[in-house]
Amino acid sequence: MYVTLKEILKNTRKYKFAVGAFNIHCLEMVPAMIEAAKAKNSPIILQVSPTTCKYIGASLLSNLVKYLANKADINVTLHLDHAKDFNTIKEAVDNGFSSVMIDASALPLEENIEKTKEVVEYASKHGVSVESELGTIGGTEEGVALNDGKIIYTRPQDAIKFIEATGIDALAIAIGTSHGQYKSKAKLNFNVLKEIYDVTNIPLVLHGGTGVSNEDLKKCILGGISKVNVGTELNVAWVTAAKENFGKAKVNDSCRDLLIPSNYAVQKVIENKIDVLGSSKRTV
Ligand code: 13P
């Protein structure tokens, strides 16, 4: 079934599990991502950055994901990740995405609220869910976190105000993760997570899932995280297998056969992550 973010996350806080949101990097890997979720009988969120959305095309993406979702006996959401402007979001909504993220977290709180409200108004008219972000999720250089000690954590009081003012369906919070961190592990602030969880009632989202150890992921889920974003780890698995196979290939070998191990590597990463997140057999 093809469902919204609101629908796929609706029982996560109650039963303490998280649904993985996995970044699509190319069209080839999409069927393998759904296969992973099917193998684990788990809901799954497939997401794309605005750049990948432009590369593949919003309509092609949503038609493919809808087709595969409707054939599979699991819930699937297609989500636009980290969009910064209204037009990019409008294109995704108009082309059948079931969820979008507006990332105006670099702006002052009031401006973030205004931008997010504009998106919620448009998306909700079309039955599409909205995620938004508060605080600063860190940066990386060559896979290593840059900003130890310089992270601006999400403030619980801001979270209360933001959720009330905007009507969003999920909130991305900053508790110490970075995007693209794959050579080191993030240091998370579980006190901040608890403070935010205690004063909110909508699903909370953890970005930068690649740099988080399995042990910490489990702690995050017990602490109330509902959605975990994983991107870089899939890319690393895909490219590692591609380098190995293309490196030893003859030029007239079938490129199809050369791509299969890369797609399979992505499938295995997702299957393992589903086990850690506890979303297997969570069909409601
Ligand atoms: P990683 O690439 O660090 O896993 O982060 C993914 C992410 O948070 C996408 O929004």
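First things first, this report covers the structure right here in the doc.

Of the regular secondary structure elements, the protein holds 12 helices and 10 strands. Taking 19 Å as the expected radius of gyration for a compact globule of 284 residues, we find that the protein reaches 18 Å, a close match to that expectation. Taking the principal axes of its C-alpha atoms as reference, the protein extends roughly 60 × 40 × 35 Å. For the protein, contacts bridging at least 24 residues in sequence account for 74% of all contacts bridging at least 6. With the model as given, the accessible surface of the protein reaches about 12900 Å², and the carbon-plus-sulfur share is 52%. Computed over 33 positive and 32 negative side-chain charges, the separation of the two mean positions in the protein equals 5 Å.

With that settled, consider helix 10 (residues 214-222). Within the span of helix 10, buried status applies to D216, L217, C220 and I221. Seen from one end, helix 10 has its buried residues packed into an arc of 145°, which puts them on one side. Among the exposed residues of helix 10, those oriented more than 90 degrees off its buried face are E215 and L222.

What surrounds the ligand is a group of 15 residues, the closest being D81, G180, G208, T210 and T232. Take H179: an N or O atom from its side chain is 3.2 Å from an oxygen atom of the ligand. One nitrogen or oxygen atom from the main chain of G231 is found 2.9 Å from an oxygen atom belonging to the ligand. Burial of the ligand by the surrounding chains reaches 94%, relative to a free accessible area of 310 Å². Among the elements of the structure, strand 3 (76-83) and strand 10 (225-230) are those that each provide at least two residues to the shell around the ligand.

Moving on to the environment of C26. Topologically, C26 is positioned in the loop between strand 1 (19-23) and helix 3 (30-39). C26 sits in the buried class, given a relative accessible area of 14%. Spatially, the C-alpha atom of C26 lies 8.5 Å from that of Y55, the residues being 29 residues apart in sequence. Contact partners of C26, with chain neighbours within four places excluded, come to I56 and W238.

A word on the packing of aromatic side chains. Taken as a whole and assessed by the stated rule, the structure comprises one aromatic pair. Ring centres of F86 and Y122 lie 5.5 Å apart, and the angle between their planes is 75°; this geometry places the pair in the edge-to-face category. Remark: Y122 occurs in helix 7 (residues 109-125) and F86 occurs in helix 6 (residues 86-94); sequence separation between them is 36 residues. Under the relative-accessibility criterion, Y122 is labelled buried at 16%.

Relative to each other, helix 10 and helix 12 (residues 255-277) sit at 45°, their axes nearing to 9 Å. Here helix 10 lies oblique to helix 12, going by the angle between them. From helix 10, N214, L217, K218 and I221 reach across to helix 12, where they touch K273, V276 and L277. Counted by class, the contact of helix 10 with helix 12 contains four nonpolar, one polar and two charged residues.

With their axes 11 Å apart at the nearest point, helix 6 and helix 7 run at an angle of 15° to one another. Taken together, the axis directions place helix 6 and helix 7 in an arrangement best described as roughly parallel. Crossing handedness for the pair helix 6 and helix 7: right-handed. Judged by residue contacts, F86, I89, K90, V93 and D94 of helix 6 engage E118, V119 and Y122 from helix 7. Looking at side-chain class alone, the contact of helix 6 with helix 7 contains five nonpolar, no polar and three charged residues.

Parameters and conventions
Residues numbered from 1 in each chain as written. Predicted model: local features only at pLDDT ≥ 70, side-chain atom pairs only at ≥ 80, totals over all residues. Heavy atoms only, no water. Helix = DSSP H or I, 4+ residues; strand = E, 2+ residues; numbered from the N terminus. Rg over C-alpha atoms; globule rule 2.2 N^0.38 Å. Contact = heavy atoms within 4.5 Å. Areas by Shrake-Rupley, 256 points an atom, 1.4 Å probe, with all protein chains shown as cover. Lys, Arg positive; Asp, Glu negative; His and termini not counted. Charge placed at Lys NZ, Arg CZ, Asp CG, Glu CD. Buried < 20%, exposed > 50% of the residue type's maximum accessible area, 1.4 Å probe, protein only. Arc of directions from axis to C-beta. Near = heavy atom within 4 Å. Polar contact = N/O pair within 3.5 Å; in protein donor to acceptor, adjacent residues only side chain to side chain. Phe/Tyr/Trp six-rings, centres within 6.5 Å; stacked < 30°, edge-to-face > 60°. Axes fitted to C-alpha atoms, helices over the stretch in contact; angles between N-to-C directions. Parallel < 35°, antiparallel > 145°, perpendicular 65-115°, else oblique. Nonpolar A, V, L, I, M, F, W, Y, C, P; charged D, E, K, R; others polar. Left-handed = near helix turned anticlockwise from the far one by under 90°.

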